[in-house]
Protein chains: 2
Amino acid sequence: MTNPKHYEDQPHIKLTEGAYLSVLRALANEPEALGRLLADIHPADIADLIERLPRHERAMILNNIPYEHLGDVVAELEEGVQAHVLKLLRPEEVRHAIAELESDDAADMAQVVEDNTDESGPDAEDLIDDGETKQLLSYAEDTAGSMMQLEVFTAKPTQTATELLAYLRDNADEISNNPGTVFVVDGARKLIGTVSLHRLVKAPLTAAMESVMRREPLSVNPTTSTEEVIRIFEKYDLHNLAVIEIDGTLLGRITIDDVLDAIQANAAYVQAAAAGVDETEDLFAPISETTRHRLPWLGINLLTAIAAAAVIALFENSIAQLTTLAILMPIVASMGGNATTQTQTVIIRGLALGQITKQNAWVLLRKEFLAGGYIGTILALIMALGVGLLYSNWMLALVIALATVANHLIAAAAGWATPLILKRFNYDPAISTGVITTTFTDVGGFFVFLSLATLLLL
Amino acid sequence: MTNPKHYEDQPHIKLTEGAYLSVLRALANEPEALGRLLADIHPADIADLIERLPRHERAMILNNIPYEHLGDVVAELEEGVQAHVLKLLRPEEVRHAIAELESDDAADMAQVVEDNTDESGPDAEDLIDDGETKQLLSYAEDTAGSMMQLEVFTAKPTQTATELLAYLRDNADEISNNPGTVFVVDGARKLIGTVSLHRLVKAPLTAAMESVMRREPLSVNPTTSTEEVIRIFEKYDLHNLAVIEIDGTLLGRITIDDVLDAIQANAAYVQAAAAGVDETEDLFAPISETTRHRLPWLGINLLTAIAAAAVIALFENSIAQLTTLAILMPIVASMGGNATTQTQTVIIRGLALGQITKQNAWVLLRKEFLAGGYIGTILALIMALGVGLLYSNWMLALVIALATVANHLIAAAAGWATPLILKRFNYDPAISTGVITTTFTDVGGFFVFLSLATLLLL
């Protein structure tokens, strides 16, 4: 286990529009002065500076960071930038940076190195000296195992508050991370209770931990999903959560800081994945990398656009007879797309909050259908009035009105069903619902409008 | 200041597919048994049960919650459900629930009552007995003031670790919330340092706080934005942050639990606002409420759809001559829409992380233009080949290729410029970028494709 440094007394800088970067650039040729300046800046702030710099300028800062801060600075970087920076470091610097970190951060960083070098590069395992920390690499991403740290503060049930407080005081230098919670374990390291630090300081001095501890504490297994861990922290306002083996043996803990990071990382991932970009991409990544990340998604969307075009092609003759149809058809499709986005947003949120059950899902479908029909009718009347007055063609007005209502019902059904089905098959509905639902409202909108027009007008 | 209860020893239930709800429903006519069951359930779990229930069944649970848990249960509800439940309670129950809460939650709940009753209903101020808590109502939403709680644990600089630990122990019953951090203040209550609980327990017993504390601690003012508060917590891995007046007087603190809630609330708000739905809406809200929330956004989108239709109308003659144009034009517009979504996602994330500065913004525009041109060219070649082979019309193929590249450049420019401009004028780019950029790619896509076709083909 390592002894990470803490920066509670390091000043925090406020960046004003790259003013700091200008200072650093001015010092580019004076490494000593630059080093002194960087030694006084909080690692999180140095990381921010590096992220703002185009790639060719990053080495300037990197080479002048105090050696003992290197690990913490690199750990604070966004993953895409981290991958780039780790390639700029010499192998022994990478190993040193990793050794300086807490177990969870060390394992993460070693993994980033492995993921971003080719076959000939180092394995993550080889970069980590500590045997237990190596074990962390075996847990899958998006599990409690990958979030946990091994640094836990344990006590025996018979130890008293006095004893524990004395221990903390006497070993203050070694316990530089925040113990947060005392995990009470039996002789076989099985978790039997927890005592938060604030409970410990308020306990009578002579009280044994078994009389102070919370029994049957909440815990998760290393295979519990990150999503579930986040849910537990939020729901019960926890600061620390034990990770145990199936047999009850204490493995490690997850802290609220890591949960906060996981929430942000997950939100970034979902947003990026839904748009088909890579959330870890460095802003200044080369074009080739950007293209590789973005093209697949556009390819899928090309197929859905071709599907919609194929529907229009079915009605080419109708459009030839009445070109006004070509003008109006995108309005019907587009309104349906917006309506389905609304329904799916509500359903996806309900799923994320766990508010949707088998029983109430049908109540919601009924509600979305009614709302879609109601809202669709209002919009249909507005459009019919506009089209009727503009083209003096009230049959055309009727067609656009009927198509609008129909497409809003399609929108409600697709926006309700798609996330539920994706969730049922363990896909994250927040990521791929949009492309599916809007395909329904595009294809559906064009088809309903053009076929009604063909039937009623031509 | 109130003395909120804690539930550390309350069992946590795991909900399995509404099984619990079935049990509760079975007990609907046996209030005593229902009350005993609910007394053993963690307030956060009871809140979850209520959220899953259609509106007409909620009173069943609500009327049988142990009176002393009422405040905590209602506080755990999502805002839309909370508003509904508060209307089901008698005025004295609402007042009781509020009195049971910590200051920040009490103020929030009183505000929800005021916001959801008409003019004749109670003001938030009248629902709060404590004078200082009333003050919290004066801070604007989305500020540090609205996030802070008044319950802080303070010490004088001359107090020793022994004295403080003894004080915490002797007053354990009153200090039921987690002190987390000791705020060291001078005689005028000006903040001069902070000592985290883990620093306190590790400090030598005779050490005075002035020798243990972190000097010049981070702090915010009540008017600091929630966004900035979140950024500070994430960046520096804080658990507690002081809120001070401009003159340095300590007002309260923000805890990491509240930050976690704010992050989730903000994410929900942004997602909902971007789709034009109300993030606080109860899943089971009546149709009229749903319509009122959703219609305005669809109205705005109707205008943008009409703008795109107007562009098509300009080229009605061209479409009449070559109806194939009507089939192909949505593909060009749709691909541009997806490309601009990719660019804006990257830019919005860069802005959120503060990675985009005046200097590097131009580097990014150049990169997005190049990537857009490159990706657009690849897609253009694919489409040109398909169109050329399908229609044996290589001039048409050239038109769709040129239009595709042009619309990807429009997509890059719009996806880059829109979030930067919105941010410049203090709008949240995550909310309204999409509707603006896709209007550009729709209008631009139709215009470029149809005008090129008119020039080169007809």
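Rules used throughout
- The numbering scheme is per chain: residues are counted from 1 as the chain's sequence reads.
- Starting at A for chains and at 1 for ligands, labels are handed out in the order in which the entities are written.
- In keeping with the predicted nature of the model, local features appear solely for residues at pLDDT of at least 70, side-chain atom pairs appear and are counted solely at 80 or more, and the whole-chain, interface and lining totals rest on all residues.
- Computation of side-chain values: all heavy atoms of the structure, hydrogens and water removed.
- Here a strand is any run of E in DSSP of at least two residues, a helix any run of H or I of at least four, and the numbering for each starts at the N terminus.
- Taken over C-alpha atoms, the radius of gyration is set against a globule rule of 2.2 Å times the number of residues to the power 0.38.
- Remark: exposure states derive from per-residue accessible area (1.4 Å probe, protein chains only) relative to the maximum for the residue type, with buried under 20%, exposed over 50%, and partly exposed in between.
- What makes two residues a contact is simply this: any of their non-hydrogen atoms within 4.5 Å.
- Here the Shrake-Rupley method, with its probe set to 1.4 Å, supplies the accessible areas, and only the displayed protein chains count as covering residues.
- Only four residue types enter the charge count: Lys and Arg as positive, Asp and Glu as negative, with His and the chain ends excluded.
- A charge is said to be at NZ when it belongs to Lys, at CZ for Arg, at CG for Asp and at CD for Glu.
- For two strands to count as paired, DSSP must find a minimum of two bridges between them.
- Definition used for salt bridges: Asp or Glu carboxyl oxygen within 4 Å of a side-chain nitrogen of Lys or Arg.
- Residues below a pLDDT of 70 in either copy are left out; the C-alpha atoms of the rest, at least 70 in both, set the least-squares superposition of the copies.
- Axes here refer to lines fitted to C-alpha atoms; in helices the fit is confined to the stretch in contact. Angles between the N-to-C directions go from 0 to 180 degrees.
- Crossing handedness is read from the near helix: turned anticlockwise from the far helix by less than a right angle, it gives a left-handed crossing, and turned clockwise, a right-handed one.
- By convention, the term buried area covers the 1.4 Å-probe accessible surface removed from two parts as they join, with the contributions of both added.
- A pocket, in this scheme, is an open set of points on a 1 Å grid over the protein atoms alone with protein on both sides within 12 Å along at least 5 of 7 lines, while a cavity is a set where a 1.4 Å probe fits but cannot get out; residues line either one if an atom lies within 4 Å of a point.
- Grid points are joined across faces, edges and corners, and a volume is the space filled by probe spheres set on the points.
- Expected helix span is taken as 1.5 Å per residue step, with the number of steps being one fewer than the number of residues.
- Residue ranges labeled as domains rest on an automatic or database domain assignment.
- Here a polar contact is recorded for every N or O atom pair within 3.5 Å, except that within protein the pair must consist of a potential hydrogen donor and a potential acceptor, and residues adjacent in sequence are included only if both atoms are side-chain atoms.
- Following the grouping adopted for this structure description, the nonpolar residues are Ala, Val, Leu, Ile, Met, Phe, Trp, Tyr, Cys and Pro, the charged ones are Asp, Glu, Lys and Arg, and the polar ones are all others, Gly among them.
- By convention, a stacked pair of Phe, Tyr or Trp rings (six-membered ring in the case of Trp) has centres within 6.5 Å and planes under 30 degrees apart, an edge-to-face pair has planes over 60 apart, and any other such pair is tilted.
- Counting as a charge over the ring demands two things of the Lys NZ or Arg CZ atom: a distance within 6 Å of the ring centre and an angle within 35 degrees of the ring normal.
- Joining through side-chain atoms within 4.5 Å is the link that ties buried Ala, Val, Leu, Ile, Met, Phe, Trp, Tyr and Cys residues into a set, and such a set is a nonpolar core.
- Residue-level confidence of the predictor, termed pLDDT, takes values from 0 up to 100.
- Throughout this description, any angle smaller than 35 degrees is read as roughly parallel, any larger than 145 degrees as roughly antiparallel, any in the 65 to 115 degree range as roughly perpendicular, and the remainder as oblique.

Draft legend 1. Up close: the overall build of chain A. Along chain A, the regular secondary structure elements total 21 helices and 7 strands. For chain A, the C-alpha radius of gyration of 29 Å lies well beyond 23 Å, the compact-globule estimate for 458 residues. Along the first, second and third principal axes, the C-alpha set of chain A runs to 90 × 60 × 40 Å. Across the 458 residues in chain A, those meeting the buried criterion constitute 56%. Restricting to contacts in chain A with at least 6 residues of sequence separation, those with at least 24 account for 67%. For chain A, the computed accessible surface area is about 19300 Å², with 56% contributed by carbon and sulfur atoms. Across chain A, the 30 positively charged side chains and the 60 negatively charged ones have centroids separated by 8 Å.

Draft legend 2. Quick look at the sheet that holds strand β4 (residues 214-215) of chain A. Residues and elements named next belong to chain A. If you trace the 4 strands from one edge of the open sheet to the other, you get β1-β2-β3-β4, paired in mixed fashion. One side of each edge strand has no neighbouring strand; the edge strands of this open sheet are β1 (153-155) and β4. Sheet analysis places β1 next to strand β2 (residues 181-185), joined by 3 bridges and oriented parallel. Its bridge partner lying in β2, threonine 154 is registered against phenylalanine 183.

Draft legend 3. Region of the structure containing the pattern of salt bridges. Under the defined criterion, the tally for this structure stands at 30 salt bridges over all chains. One salt bridge connects glutamate 32 of chain A with arginine 36 of chain A, and the closest N-O pair in it is separated by 3.9 Å. Here glutamate 32 of chain A pairs with arginine 36 of chain A, and both are found in helix α2 (residues 31-39), just 4 residues apart, close to one helical turn. Assessed through its relative accessible area of 64%, glutamate 32 of chain A is described here as exposed. When salt bridges with common partners are traced through the structure, they connect Asp45, Asp48 and Arg52 of chain A together with Lys235 of chain B into a single cluster.

Draft legend 4. Geometry of the relation of the copies chain A and chain B. Mapping chain A onto chain B calls for a screw motion: a turn of 180° about the axis and a shift of 0.0 Å along it, with 0.1 Å RMSD after fitting. Overall, the copies show the geometry of a two-fold rotation axis. Mapped onto chain B, 99% of the interface residues of chain A again fall at the interface, so both copies present the same surface.

Draft legend 5. Structural view of the packing of helix α18 (residues 324-352) of chain B against helix α21 (residues 429-457) of chain B. Put simply, α18 of chain B and α21 of chain B touch, their axes get as near as 8 Å, and they point 145° apart. For α18 of chain B against α21 of chain B, the interelement crossing comes out right-handed.

Draft legend 6. Representation of the interface of chain A and chain B in the model. The interface is formed by 119 residues belonging to chain A together with 119 residues belonging to chain B. With both sides pooled, the region where chain A packs onto chain B buries about 10800 Å², and carbon together with sulfur makes up 61% of that total. Three residues, Lys202, Leu283 and Gln342 of chain A, lead the burial of chain A against chain B; their summed loss comes to 7% of the area buried on that side. The interface formed by chain A and chain B contains 8 salt bridges.

Draft legend 7. Quick peek at empty space enclosed by the protein. This model, assessed by the stated rule, comprises 5 cavities of 30 Å³ or more. If you go around the largest cavity, you meet 20 residues; those closest to its centre are Val346 and Arg349 of chain A together with Asp278, Glu279 and Glu281 of chain B. Residue assignment for the lining of the largest cavity shows that the elements contributing at least two residues are α18 (324-352) of chain A together with α6 (79-88) and α15 (256-275) of chain B. Sorting elements by how many residues they give to the lining of the largest cavity places α18 of chain A first, with 4 residues.

Draft legend 8. Main features of α18 of chain B. Residues and elements named next belong to chain B. The end-to-end C-alpha distance of α18 is 43 Å, a good match for the 42 Å that 29 residues give at a rise of 1.5 Å each. With respect to burial, α18 is a largely interior element, 25 of its 29 residues being buried. Glycine 354 occupies a position one or two residues after α18 and carries a positive phi of about 70°.

Draft legend 9. View of the domain arrangement of chain A. Residue and element names in this part refer to chain A. Domain annotation of chain A identifies domain 1 (19-138), domain 2 (153-275) and domain 3 (287-457). On the domain 2 side of the contact with domain 3, Val270, Ala273 and Ala274 bury the most area, a combined 60% of that side's loss. Note that glutamate 227 is salt-bridged to lysine 423, the shortest N-O span being 3.6 Å. Where domain 2 meets domain 3, there are 1 residue pair in polar contact (both at pLDDT 80 or more). A class-by-class count of the residues in the side of domain 2 that touches domain 3 yields 5 nonpolar, no polar and 1 charged.

Draft legend 10. Up close: unusual backbone geometry. Residue and element names in this part refer to chain B. Of note, arginine 189 is a non-glycine position whose phi angle comes to about 60°, a positive value. Position of arginine 189 among the secondary structure elements: in the loop between β2 (181-185) and β3 (191-196). Its relative accessible area of 33% is what places arginine 189 among the partly exposed residues. Backbone geometry at glutamate 216 places phi at a positive 45°, although glycine is not the residue there. Structurally, the position occupied by glutamate 216 is in the loop between β4 (214-215) and β5 (219-220).

Draft legend 11. Summary view of the packing of aromatic side chains. Residue and element names in this part refer to chain A. Counted according to the given criterion, the structure contains 6 aromatic pairs over all chains. Centre to centre, the rings of phenylalanine 315 and phenylalanine 447 are 5.8 Å apart; their planes meet at 70°, and the pair counts as edge-to-face. Here phenylalanine 315, found in the loop between α16 (287-314) and α17 (316-321), pairs with phenylalanine 447, found in helix α21 (residues 429-457); they are 132 residues apart in sequence, far enough to count as distant. Under the relative-accessibility criterion, phenylalanine 315 is labelled buried at 10%. Judged by its relative accessible area of 41%, phenylalanine 447 falls in the partly exposed class. Between arginine 424 and the ring centre of phenylalanine 425, over which it is positioned, the NZ or CZ distance is 5.9 Å.

Draft legend 12. Broad picture of the sheet that holds β4 of chain B. Residues and elements named next belong to chain B. Across the sheet, 4 strands lie side by side as β1-β2-β3-β4; this open sheet has mixed pairing. The two strands at the open ends of the sheet, each matched to only one other strand, are β1 (153-155) and β4. Of the strand pairs in this sheet, β2 and β3 are connected by 5 bridges, and their pairing is antiparallel. Within β3, the residue paired with valine 184 across the bridge is glycine 193.

Draft legend 13. Region of interest: the environment of threonine 249 of chain A. Residues and elements named next belong to chain A. Tracing the backbone through its elements, the reader meets threonine 249 in the loop between β6 (240-244) and β7 (250-255). Measuring from C-alpha to C-alpha, the distance between threonine 249 and aspartate 186 comes to 9.3 Å, with 63 residues separating the pair along the chain. Within the structure, threonine 249 has its side chain in polar contact with the side chain of aspartate 247 (distance 2.6 Å).

Draft legend 14. Representation of the pairing of strand β3 (residues 191-196) of chain A. All names here are of chain A. With 5 of its 6 residues buried, β3 lies for the most part within the structure. In this structure, the hairpin formed by β2 and β3 is closed by a connection of 5 residues, where arginine 189 is found at a positive phi of approximately 60°. Of the pairings in the sheet, the one linking β3 to β4 comprises 2 bridges and is antiparallel in character. Paired with threonine 194 across the strands is arginine 214, a residue of β4.

Draft legend 15. Just the environment of leucine 88 of chain A, in detail. With respect to the helices, strands and loops of the structure, leucine 88 of chain A is situated in helix α6 (residues 79-88). In contact with leucine 88 of chain A, other than residues within four places in its own chain, are Arg58, Ala59 and Leu62 of chain A.

Draft legend 16. Focus on the environment of alanine 106 of chain B. All names here are of chain B. Relative to the elements of secondary structure, alanine 106 occurs in helix α8 (residues 103-115). Taking C-alpha positions, alanine 106 is 31 Å from glutamate 163, a pair spaced 57 residues apart along the chain. Not counting residues within four places of it along the chain, the set of residues in contact with alanine 106 comprises Ile98, Leu101, Ile128 and Thr133.

Draft legend 17. Spatial organisation of the nonpolar core. One finds Ile50, Ile61 and Ile254 of chain A together with Ile50, Ile61 and Ile254 of chain B to be the most contacted residues of the largest nonpolar core, which totals 121 residues. What isoleucine 61 of chain B contacts, discounting residues up to four positions off in sequence, is Leu24, Leu38, Ile46, Leu49, Ile50 and Leu53 of chain B. Among the nonpolar cores identified, the runner-up in size contains 76 residues, and Ile319, Ile327, Ile331 and Ala333 of chain A belong to it.

Draft legend 18. Broad picture of the confidence of the model for chain A. Mean pLDDT over chain A works out to 90, with 96% of the residues at or above the 70 mark. Note on the complex model: pTM 0.85, ipTM 0.84.

Draft legend 19. Main features of the packing of helix α14 (residues 226-236) of chain A against helix α3 (residues 43-52) of chain B. Close contact between α14 of chain A and α3 of chain B brings their axes to 9 Å; oriented N to C, the two are set at 110°. One way to sum up the angle between α14 of chain A and α3 of chain B is to call them roughly perpendicular. Only Ala44, Asp45 and Asp48 of chain B of α3 of chain B make contact with α14 of chain A, whose side of the interface consists of Arg231, Lys235 and Tyr236 of chain A.

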